[in-house]
Amino acid sequence: MKLGLIAGNGRFPFLVLDAARGAGHDVTVIALKEETFPDLADAAARAPAAPLHWISLGQLGTCISLLKNAGVTRAVMAGQVRHTKLFADIMPDLMLGKVLMRLAAKNTDSLISGVADVLAEHGIELIDSTAFLGPLLARDGVMTRRAPDEDEQRDLEFGCSIADAVARLDIGQTVAVKSAAVVAVEAMEGTDAVIARAGQLAGRGVRIVKVAKPNQDMRFDVPVVGVSTIEAMKAVGATALSVDAGKTLMIDGEAIMKAADAADICIVGRSERRG
């Protein structure tokens, strides 16, 4: 089967590319000049080679033409496109311009849902972004050597209630809490920046909660954590991390758990949304 890979930044595209090829798919890669790591070109060139095309963020029409010319009928989005790019000097083509004009709000869900609708109109189905990466999704319960203590558990439960409300409004997916007080809330800046700010504001002992949105669309904007998340927590003395089981991609697999154990950070997978 022919599959299109629309690649943003981070290691997510590399994982999807390797897994899709391993599953027998012929992959065509669309890489975004402003976001995708350049070494994805080397990964795409490895046997079996995957054609790779570099386009700019605003070139939705070109993206669709390239996928259709390759015979692609299913595509997957992998990797982040920073929301701040909406306010950068990006020139949308006619097709993306029409999408932007129809949006009531320029939040992540609205924008990418609009793009997905246009892909569908051209015969390209956008599929679950973790379709090939099931083993890397967070599992239920304590995933590290250490479980949260009573204080950490209370903060994580409190943080989940706040993060759920923030995610419901499509503001962000991460909050930092300490002693049942909200220290920092994610907007466009990303998880690691929120963690750093929380450390500056509240010092050591911060707890981090990252959640999926209610009715999370697994085709895009799936929560992702990696070793860099643990490194950011270690740098500020954050002690506990909660993620949503089955809906959060642990991008570095077991390396995350090893890094967390070494830093005495506990990681918990929440089985279902509360409240």
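Note: the structure precedes this text.
Residues numbered from 1 in each chain as written. Predicted model: local features only at pLDDT ≥ 70, side-chain atom pairs only at ≥ 80, totals over all residues. Heavy atoms only, no water.

**Describing the overall build of the protein**
Next up, step 1: Per the secondary structure count, the protein includes nine helices and 13 strands.
Next up, step 2: Its C-alpha atoms give the protein a radius of gyration of 19 Å, within 12% of the compact-globule value 19 Å for 275 residues.
Next up, step 3: Judged by the C-alpha coordinates and their principal axes, the protein covers about 55 × 40 × 30 Å.
Next up, step 4: Every one of the 275 residues in the protein was classed for burial, and the buried ones make up 50%.
Next up, step 5: When contacts within the protein are restricted to residue pairs at least 6 apart in sequence, long-range pairs at least 24 apart make up 74% of them.
Next up, step 6: When the accessible surface of the protein is summed, it comes to about 12400 Å², and 54% of that surface belongs to carbon and sulfur atoms.
Next up, step 7: When the 30 positive and 34 negative side-chain charges of the protein are each reduced to one mean point, those points stand 1 Å apart. (Helix = DSSP H or I, 4+ residues; strand = E, 2+ residues; numbered from the N terminus. Rg over C-alpha atoms; globule rule 2.2 N^0.38 Å. Buried < 20%, exposed > 50% of the residue type's maximum accessible area, 1.4 Å probe, protein only. Contact = heavy atoms within 4.5 Å. Areas by Shrake-Rupley, 256 points an atom, 1.4 Å probe, with all protein chains shown as cover. Lys, Arg positive; Asp, Glu negative; His and termini not counted. Charge placed at Lys NZ, Arg CZ, Asp CG, Glu CD.)

**Some points on a nonpolar patch on the surface**
Next up, step 1: On the surface, a cluster of nonpolar side chains totalling about 330 Å² of accessible area is made up of Leu169, Ile171, Val182 and Val185.
Next up, step 2: Within the element layout of this structure, Ile171 appears in the loop between α6 (150–168) and β7 (174–178). (Patch = residues over 30% accessible without salt bridge, like charges linked within 9 Å, V, L, I, M, F, W, Y side chains within 5 Å. Salt bridge = Lys/Arg side-chain N within 4 Å of Asp/Glu carboxyl O.)

**Describing the packing of helix α3 (residues 60–69) against helix α4 (residues 94–102)**
Next up, step 1: Look at α3 against α4: their axes get within 5 Å of each other, and the N-to-C directions meet at 120°. By the angle class used here, α3 and α4 are oblique. Contacts from Leu60, Gly61 and Ile64 in α3 reach Met95, Leu96 and Val99 in α4.
Next up, step 2: Residues of the contact of α3 with α4, tallied by class, amount to five nonpolar, one polar and no charged. (Axes fitted to C-alpha atoms, helices over the stretch in contact; angles between N-to-C directions. Parallel < 35°, antiparallel > 145°, perpendicular 65-115°, else oblique. Nonpolar A, V, L, I, M, F, W, Y, C, P; charged D, E, K, R; others polar.)

**With respect to the side chain of Thr144**
Next up, step 1: For Thr144, the position within the fold is in the loop between β6 (141–142) and α6.
Next up, step 2: You can call Thr144 buried: its relative accessible area is 8%.
Next up, step 3: Side-chain polar atoms of Thr144 contact the backbone oxygen of Arg146, separated by 3.0 Å.
Next up, step 4: For Thr144, the residues in contact, after removing those within four places along its chain, are Met257, Ala260, Asp261, Ile265, Cys266 and Ile267. (Polar contact = N/O pair within 3.5 Å; in protein donor to acceptor, adjacent residues only side chain to side chain.)

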